[in-house]
Amino acid sequence: MSIFLFLKLFHVLLFVFWLGTDMGTFYASRFVINPKLSGPQRSTALQILLGCDLGPRIAMTLIIPTGIHMASILGVVEIGNTGVVAIWATGLLWLALVLIVHFSKNEERKKKLKNVDFWIRPMLVLLIASIAIYSFFEPTYTMAPFIAYKLLILCGLILCGLAIRYHLARFTPAFIDMMSGKNIEEANTIMKKRMDLCMPYVYGIWVGTTISAALGLHLI
């Protein structure tokens, strides 16, 4: 199998993994906020949710290097070998950070690394969006328009993820209150409200990933 075909397969699997596990996260969330279930049942649903949520986080870190690497092979993005290596190194370091945050048992370290992971995302959005928009106005800059559109959609997906994190900031304290028997009714109200606020961004991620896949297949 050539490197291009391997990258193509991997890139498609990342898309499937991202969209599929994101839907799994959504489905599990319905059980987490269901007040008719017992505390242990809802806690189990939360563990399933967190496990599924790792899927999109992994896919996001690797979908950029696989896509840019393929684009460089096809010649639709002008980037040298050094640039490809740098993008892969960045993606793998980001992946390592995501995995450490997810699996770390050290809560203090986990909190610090979560903040690092959070602020990496808006910086990436600014960088990626600037490159994509610049390519529209600089004729000598080689980047096929569909690649630029895909990069801008990716920026939108990252921003949707940040919005979800923002709205869920009060979810965890409310869940802890519910599990400990404190202000159960108020906690249930907060959890449902927070999840409902996330839904437009969840749908945005599903639509965005689908449009991005269609652009990659040149369906639109």
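Preceding this section is the structure that the text describes.
Residues numbered from 1 in each chain as written. Predicted model: local features only at pLDDT ≥ 70, side-chain atom pairs only at ≥ 80, totals over all residues. Heavy atoms only, no water.

Draft legend 1. Seen up close, the overall build of the protein chain. Of the regular secondary structure elements, the protein chain holds seven helices and zero strands. Mapped from its N terminus to its C terminus, the protein chain presents α and β elements in the order α-α-α-α-α-α-α. Taken over the C-alpha atoms alone, the protein chain extends approximately 60 × 35 × 35 Å along its principal axes. In the protein chain, which comprises 220 residues, the proportion classed as buried is 42%. When contacts within the protein chain are restricted to residue pairs at least 6 apart in sequence, long-range pairs at least 24 apart make up 69% of them. For the protein chain, the exposed surface amounts to about 12,500 Å²; the carbon and sulfur share of it is 70%. (Helix = DSSP H or I, 4+ residues; strand = E, 2+ residues; numbered from the N terminus. Buried < 20%, exposed > 50% of the residue type's maximum accessible area, 1.4 Å probe, protein only. Contact = heavy atoms within 4.5 Å. Areas by Shrake-Rupley, 256 points an atom, 1.4 Å probe, with all protein chains shown as cover.)

Draft legend 2. Quick peek at the layout of surface pockets. Looking at the largest pocket, its volume works out to about 1,600 Å³. Around the largest pocket, the lining comprises 45 residues; the ones closest to its centre are Leu50, Asp53, Arg57, Lys114 and Leu168. Mapped onto the lining of the largest pocket, the elements with two or more residues apiece are α1 (3–32), α2 (39–74), α3 (81–103), α4 (107–137), α5 (145–167), α6 (171–180) and α7 (184–216). Approximately 700 Å³ is the volume found for the second largest pocket. (1 Å grid on protein atoms, 1.4 Å probe; cavity = no way out; pocket = protein on both sides within 12 Å on 5 of 7 lines; lining within 4 Å. Points joined across faces, edges and corners; volume = space filled by probe spheres on them.)

Draft legend 3. Examining the packing of α3 against α4 more closely. It is the contact of α3 with α4, at a shortest axis distance of 9 Å, that shows an interaxial angle of 145°. The two elements α3 and α4 cross, and the hand of that crossing is left-handed. Residues Trp94, Leu97, Val98, Ile100, Val101 and His102 of α3 touch α4, and the partners they reach there are Arg109, Lys110, Leu113, Lys114, Val116, Asp117, Ile120, Arg121 and Leu124. Within the contact of α3 with α4, the residues separate by chemical class into nine nonpolar, one polar and five charged. (Axes fitted to C-alpha atoms, helices over the stretch in contact; angles between N-to-C directions. Left-handed = near helix turned anticlockwise from the far one by under 90°. Nonpolar A, V, L, I, M, F, W, Y, C, P; charged D, E, K, R; others polar.)

Draft legend 4. Highlighting α7. With 33 residues, α7 should reach 48 Å at 1.5 Å per residue; the first-to-last C-alpha distance of 47 Å fits that figure. By the largest-angle criterion, methionine 199 marks the main kink of α7, which is about 35°, and a proline, proline 200, follows within four residues. Just downstream of α7, histidine 218 is the residue with a positive phi angle, here 60°. (Expected span 1.5 Å × (residues − 1). Bend = angle between axes of the 7 residues up to and from the residue.)

Draft legend 5. The arrangement of the state of the cysteines in detail. Under the definition given, this model contains zero disulfides. The thiol sulfur of cysteine 52 is not disulfide-bonded, and the nearest other cysteine sulfur, from cysteine 198, lies at 16 Å. Of the cysteine sulfurs around cysteine 160, a residue in no disulfide, the closest is that of cysteine 198, at 11 Å. (Disulfide = S-S within 2.5 Å.)

Draft legend 6. Spotlight on the pattern of salt bridges. Tallied over the entire structure, the rule returns five salt bridges. Among the salt bridges present, the one from arginine 57 reaches aspartate 53, with a minimum N-O distance of 2.8 Å. Taken together, the positions of arginine 57 and aspartate 53, both in helix α2 and four residues apart, correspond to about one turn of that helix. The exposure class assigned to arginine 57 is partly exposed, which follows from its relative accessible area of 26%. A salt bridge links aspartate 117 to arginine 165; the shortest N-O distance between them is 2.6 Å. On the criterion of sequence distance, the pair formed by aspartate 117 in helix α4 and arginine 165 in helix α5 is long-range, its members being 48 residues apart. The partly exposed category is assigned to arginine 165, whose relative accessible area is 24%. (Salt bridge = Lys/Arg side-chain N within 4 Å of Asp/Glu carboxyl O.)

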